[in-house]
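# Topology and contacts: notes
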Amino acid sequence: MSKPKSDSPQTHDLYAVRRGKLDAMRASGVDPFRANWEQKHTSAQARSLYTEDEEKSPTVQVAGRIVVFRLMGKAAFVKILDRDGKLQLYFRRDEIGEEAYKSFRKLDIGDFIGVEGPLFKTRTEEITVRVKSYRLVAKALRPLPEKWHGLSDSEQIYRQRYLDLIVNEESRQRFLQRSKIVSCIRRFLDGREFMEVETSMLQPDFGGAAAQPFVTHFKALNCDFYLRIALELNLKRLLVGGFDRVYEIGRIFRNEGVSRKHSPEFTMLEVYQAYSDYRGIMELVREMIQTICREVLGTTIVERFDGQKIELGGQWREVPYKELVIEATGDPHWFSRSKVEMLARCEELKVESNPNQEGFEITNDVFEKLIEPGLIQPTFVTHLPRELCPLAKLTEGDESTIDVFELCISGQEIAPAYSEQNDPLAQQEMFAAQAGDDQQNIDQDFLLALEHGMPPAGGIGVGIDRLVMLLTGAANLRDTILFPTLKPPEKKPSIETD
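All values reported here derive from a predicted model rather than from experimental measurement.

## Some points on the nonpolar core
By size, the foremost hydrophobic cluster in this structure holds 42 residues, and its most contacted members are Phe367, Ile371, Val381 and Leu391. Sequence-distant contacts of Leu391, that is, excluding residues within four places in its chain, are made with Gly208, Glu232, Leu233, Lys236, Tyr418, Ser419, Glu420, Gln421, Gln427, Phe431 and Phe446. Judged by nonpolar contacts, the second largest core, of 40 residues, contains Cys184, Val271, Met288 and Leu407.

What follows is the structure, given as structure tokens:
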């Protein structure tokens, strides 16, 4: 008999009891792990077939995991969970036979069963299946957690997501919503003649964002490759190649910190549209998010984890970056101040900033730590300092800024967008300024592609996990990622043989 070393004595005992049941079933010729069961109806489909005239009520054939088990002598109520939710079943000894009922009583919470029978309503008005026959289709050897939120290890929700999805309805619904949100994004973009593409995750050069990459060694080529930190450069190569409207939904990897709003592995949507600019993309993303609200949520009002309501309908506020910084610092001359003056004011405002940073980086600390958390309602923050992104066009009439916006909602950046730089000489100059002494990491092949000509374009990156966080009211980014990156446990689960 096998059991994990880390389980409690009580869990060991329950495991032993269930293993005993399993062995007894096999000894009697019963297969507790069937290869298949014909699930003709889901729980939702079964409920939709109910009619008030119970004599005409159809027979349904459903299957799912037992999550409630109430024995009452010669009868029992059971609830099963399938992909659509829960469904109540009613077992009676006189209906299914004494031997079958005797075997039924040996089932456990967590077991998967398939049943067949007509529908009826109980006195509490709950649509229920009156079971005529049933079969165990998969035995659960371990019990489900009784009180999930009472577990001592809070990270177990993320480490054992499968248990979280079984017992936590809020989490289950959030991931169902996530799937619908991504499907809606695809429908929206496909309907506007964008083409979905897939580009490489392993890259000989990394670029498209200011982030540290994960490095891996490619044995066959005997050289290092990088896990991509952005989708941008390859998608722009496709603009050069003649695909005027492209998008990709893919995994991104950044070898940086972990927090409530950051994960080293996350999902990004990037969209590029030729013959457009950041203002065209501004309309596109607003319409896309509002379409998701209507089609998936049924409302343009979402509620944050702290109860604040956010209105995503109508027009959204637009405000220049410089205006917000001047307002927050109370200094109309902020952008002409020296680093020393900026740092002194940061200290007064209780904004931590590294004294070794450049002025634009100190300013961005003010934005990210003082301003952004207060941007709860949707806001397009426009015309950021040119040093913050080397891939965007400079603003006409003000070459200290670039034609970009950051869409901020619920106190965090949801999406940055640019009028894309398509001048190869200007792009090379901006890459060189950003790289400083590390010129070898400049993607020369991308510059070569631009020299062949890229049409004017607008582009945007939308963090899918943050968007789901916003639309479902999640408090932590990990709550929107099925299997978030975690530090391995000090003691891994292991199996011992008795």
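## Overview of helix α11 (residues 339–348)
Along α11, the positions that sit buried rather than exposed are Met342, Leu343 and Cys346. End-on view of α11: buried residues confined to an arc of 95°, all on one side of the axis. In this structure, α11 carries Val340, Glu347 and Glu348 as exposed residues pointing more than 90 degrees from its buried face. Buried positions along α11 lie against α12 (359–371). Once α11 finishes, Lys350 follows within two positions and takes phi at roughly 60°, a positive value.

## Section: the side chain of Gln357
Positionally, Gln357 belongs in the loop between α11 and α12. Residue class for Gln357 comes out buried when judged on its relative accessible area of 18%. In this view, Gln357 contacts Lys339, Ile362 and Asp365; residues no more than four positions away in its chain are not counted.

## So, the pattern of salt bridges
Pairs can form between side chains of opposite charge whenever their charged atoms are close. Overall, the coordinates contain 29 salt bridges when judged by the stated rule. With a shortest N-O distance of 2.8 Å, Asp108 and Lys21 are connected by a salt bridge. In this pair, Asp108 is assigned in the loop between α4 (98–104) and β5 (112–121) and Lys21 in helix α1 (residues 9–27), connecting sequence segments 87 residues apart. What makes Asp108 buried here is its relative accessible area of 12%. Overall, Lys21 belongs to the partly exposed group, its relative accessible area being 22%. The salt bridge involving Lys139 is made with Asp111; its shortest N-O contact spans 2.9 Å. Of the two residues, Lys139 sits in the loop between β7 (133–138) and α5 (156–159) while Asp111 sits in the loop between α4 and β5, which places them 28 residues apart along the sequence. Residue classification places Lys139 among the buried residues on the basis of a relative accessible area of 6%. Through salt bridges that share partners, Arg18, Lys21, Asp108, Asp111 and Lys139 make up one connected network.

Here is what the cut-offs are and how they apply
Residues numbered from 1 in each chain as written. Predicted model: local features only at pLDDT ≥ 70, side-chain atom pairs only at ≥ 80, totals over all residues. Heavy atoms only, no water. Core = buried A, V, L, I, M, F, W, Y, C linked by side-chain atoms within 4.5 Å. Buried < 20%, exposed > 50% of the residue type's maximum accessible area, 1.4 Å probe, protein only. Contact = heavy atoms within 4.5 Å. Helix = DSSP H or I, 4+ residues; strand = E, 2+ residues; numbered from the N terminus. Arc of directions from axis to C-beta. Salt bridge = Lys/Arg side-chain N within 4 Å of Asp/Glu carboxyl O.

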